[in-house]
There are 2 protein chains.
Amino acid sequence: MARARAVTIKDIAAAAGVSLGTASNALSDRPSVGADLKERVLEAAKQLGYRRNLVAANLRRNTPRTFGLCIPALDNPFFCDIMQNIVSIAERNGFDVLVLETREDGRDEAAKLETLYANRVRGVFMVPTATWSGSHDPETPLIVVDRIRPTEGLPSVALDNVGAVKLAVDYLYDLGHRDIWLVVNSRSIWNTNLRAEGFEAAALGKDGIRARVIEVGLTARETADQLNAELALARPTAILTASGIATLGTLRALQDARLAMPDDISLLGFDDAPWMDVLRPSISVVAQPIEEIAAQAWALMQAQIASEGNGRHVELDARIITRESTGPAPTR
Amino acid sequence: MARARAVTIKDIAAAAGVSLGTASNALSDRPSVGADLKERVLEAAKQLGYRRNLVAANLRRNTPRTFGLCIPALDNPFFCDIMQNIVSIAERNGFDVLVLETREDGRDEAAKLETLYANRVRGVFMVPTATWSGSHDPETPLIVVDRIRPTEGLPSVALDNVGAVKLAVDYLYDLGHRDIWLVVNSRSIWNTNLRAEGFEAAALGKDGIRARVIEVGLTARETADQLNAELALARPTAILTASGIATLGTLRALQDARLAMPDDISLLGFDDAPWMDVLRPSISVVAQPIEEIAAQAWALMQAQIASEGNGRHVELDARIITRESTGPAPTR
DNA sequence: TTGTAGGCGTTATCAC
DNA sequence: GTGATAACGCCTACAA
């Protein structure tokens, strides 16, 4: 499709009988232009169906109205939520978002970042993979989202993972649970490992609690199978999970073991999902404040662009959504 | 953050001691450049950390390496899957994609489309809202995805909705079901209405079948409540749903009514989701070929760019994923 | 094979 | 308040 030449500012300047500069000023709504001329220019623009060429504009002003977003997996509901919120805020502020998927691949990630830089994005929001080298363009503001890694002090925003788990343990403890398991997919993942550490730390401070971390595979199926094996040997009164996948797998294991929630056992999931609110019993969860995470990421980006608050790290609090899967500990 | 001037082609030309044109040719890997010079240029580029400015390049050649994607809702797993697949294909082909969310709002949609055009995207993939005016830039290839509307012949790709439902009805009929309901959220939505029509048509051709369309509200909760009311009065042997939301709501209703799947009743959902495979019983579904939809959308886009096959419409077949929620009709 | 120069559509800086 | 004119960084005839 050979694109016809689009109508440019020059065309409308000619049509309105003004100079190119004046046309530009009028179209950009700059103060220094007479009301009558402005009218004429705008009219001509509408007549000709003028559409500002943002790529030219961006080239000229060197501050594009585009942000970049690097997400590990676009088919993951949690990341989709993050994306949805960031895109939404950006749009509200008149920015576009270039979305790239890194598929949890560190090599790829570096290439994706380069692509973003080649497009001269104004800044990058990034959920880094575990293998990210950390290398980035110091000229382009970069906000790390959700996953903080023990690296150079990049500005970042994430859940207070330790606090979240502590909240969960408190909640279960107050319901009378003394025998609690944490199901975690892999302690080699930074966030879930933090949650496991938080779990152990929280348990340490409680009287008469028997807390145990069950480390399982990365899929829901593996989680279910391995948890089933554990449940054949012993049984807690409550299970807390450290991720959405773990929640799903645990749910399956409990159904396989014909344990009723919350009468036989309480289940407190991690990360909310629409179906959790609908199923019977609906699933209580530790929910991340995704909107707030996105809002803080945006705020950090603005600060970074204004070169304030370099390297600040923001941690946000989780909240517990109480539904039907959690209840008082059974008295045995 | 006042961005320092980035290193340009001019800088590396100077550093390599060649002319600007040669530098450009070398960096673009054009044939007409000596091996030694090319080497020197590439070396200089690496030394200085040169990064091609794509916005300048795009401006010059007027064929950006960016596509636009308009999606109604970024928090919907089905659309996320579509997006993931399109983004993935685009990336594989060296293109970026600008993602915009229309929130099912037709006014917004027009504005979003304008944004994309302002960025001079190479083409637009779009899942249109019900209220889309259909207006678009004839110069920019537009591929309609998932939702075909009875409009001007835009190239489009979608599920064969009628065929999908026919497949589902055949499947249930063969299992012995004669009393089948279709739960559909709203017949004012084009796709789900097609599914309802397909359901009625498919049932017409079957001996001794009693088929009924239950139209419910737009949320899973409403679906559950309204279906519960219906189930109090009568009960089919199988329920087919017309969307993911409807599936979720139906599931809740069945759990509320304490109907066991598949012994009391069979449930065949629409659109697959990870949790459906994990829960007990796992949910059988009519699944859309999302990868193929994305691949076809891409192919249509390429054809459109080459100005072939204008206005072609592609329909793809659904397939049934048999899991535990469907089984032979109970003999009463 | 290499260098030169014009232009893509804007914005911004000047004179007027 | 308005109008030339010079960038922005790159690509690409075309000339050398």
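Keep in mind that what you see is a predicted model, and the values were worked out from it rather than measured.

Got a minute to help me understand the sheet that holds strand 12 (residues 319-321) of chain B in this structure?
Within a sheet, neighbouring strands are paired by backbone hydrogen bonds and run either parallel or antiparallel to one another. All names here are of chain B. Reading across from one edge, 7-6-8-9-10-12 is the order of the 6 strands in this open sheet, with mixed pairing throughout. In this open sheet, the two strands that pair with only one neighbour each are strand 7 (210-215) and strand 12. Pairwise comparison of adjacent strand axes, ignoring direction, gives a mean angle of 20° for this sheet. The sheet strands contacting helix 7 (residues 161-174) are strand 6 (179-184), strand 8 (238-241), strand 9 (266-270), strand 10 (284-287) and strand 12, and the helix crosses strand 9 at an angle near 165°.

What is the right way to read the protein's contact with DNA strand D from this model?
Taken together, 23 residues sit near DNA strand D, with Thr22(A), Gly34(A), Ile9(B), Tyr50(B) and Arg60(B) positioned nearest. A share of 69% of the atoms of DNA strand D within 4 Å of the protein falls on sugar and phosphate groups. In this structure, a phosphate oxygen belonging to DNA strand D sits 2.7 Å away from a side-chain N or O atom of Tyr50(B). In this structure, Arg52(B) approaches DNA strand D through a side-chain N or O atom, which is 3.1 Å from a phosphate oxygen. Of all the elements in the fold, those that place two or more residues in the surface near DNA strand D are helix 4 (54-61) of chain A together with helix 2 (20-27) and helix 4 (54-61) of chain B. At 4 residues, the largest contribution of residues to the surface near DNA strand D is made by helix 2 of chain B.

Is there a simple way to explain the protein's contact with DNA strand C in this structure?
The environment of DNA strand C is formed by 24 residues, the closest being Ile9(A), Tyr50(A), Arg60(A), Gly34(B) and Arg60(B). Counted by atom, the contact set of DNA strand C within 4 Å of the protein is 68% sugar and phosphate. In this structure, a phosphate oxygen belonging to DNA strand C sits 2.7 Å away from a main-chain N or O atom of Ile9(A). Taking Arg52(A), its side chain carries an N or O atom lying 3.0 Å from a phosphate oxygen of DNA strand C. Broken down by secondary-structure element, the contributors of at least two residues to the surface near DNA strand C are helix 2 (20-27) and helix 4 of chain A together with helix 2 and helix 4 of chain B. Residues that form the surface near DNA strand C fall into these classes: 9 nonpolar, 10 polar and 5 charged.

Explain helix 10 (residues 244-256) of chain A here, please?
For an α-helix the count is 3.6 residues per turn, leaving residues at separations of three or four pointing the same way. Given a rise of 1.5 Å per residue, 13 residues ought to cover 18 Å, and the 19 Å separating the end C-alpha atoms of helix 10 of chain A matches this to within 8%. Residues of helix 10 of chain A that are buried: Ala246(A), Thr247(A), Leu248(A), Gly249(A), Thr250(A), Leu251(A), Arg252(A), Ala253(A) and Leu254(A). In the core, the buried residues of helix 10 of chain A are packed alongside strand 6 (179-184), helix 9 (220-233), strand 8 (238-241), strand 9 (266-270) and helix 11 (274-278) of chain A together with helix 11 (274-278) of chain B. Immediately beyond the C-terminal end of helix 10 of chain A, within one or two residues, lies Arg258(A), with a positive phi of roughly 55°.

What counts and how
Residues numbered from 1 in each chain as written. Chains lettered and ligands numbered in written order. Predicted model: local features only at pLDDT ≥ 70, side-chain atom pairs only at ≥ 80, totals over all residues. Heavy atoms only, no water. Pairing = 2+ DSSP bridges. Helix = DSSP H or I, 4+ residues; strand = E, 2+ residues; numbered from the N terminus. Axes fitted to C-alpha atoms, helices over the stretch in contact; angles between N-to-C directions. Contact = heavy atoms within 4.5 Å. Near = heavy atom within 4 Å. Polar contact = N/O pair within 3.5 Å; in protein donor to acceptor, adjacent residues only side chain to side chain. Nonpolar A, V, L, I, M, F, W, Y, C, P; charged D, E, K, R; others polar. Expected span 1.5 Å × (residues − 1). Buried < 20%, exposed > 50% of the residue type's maximum accessible area, 1.4 Å probe, protein only.

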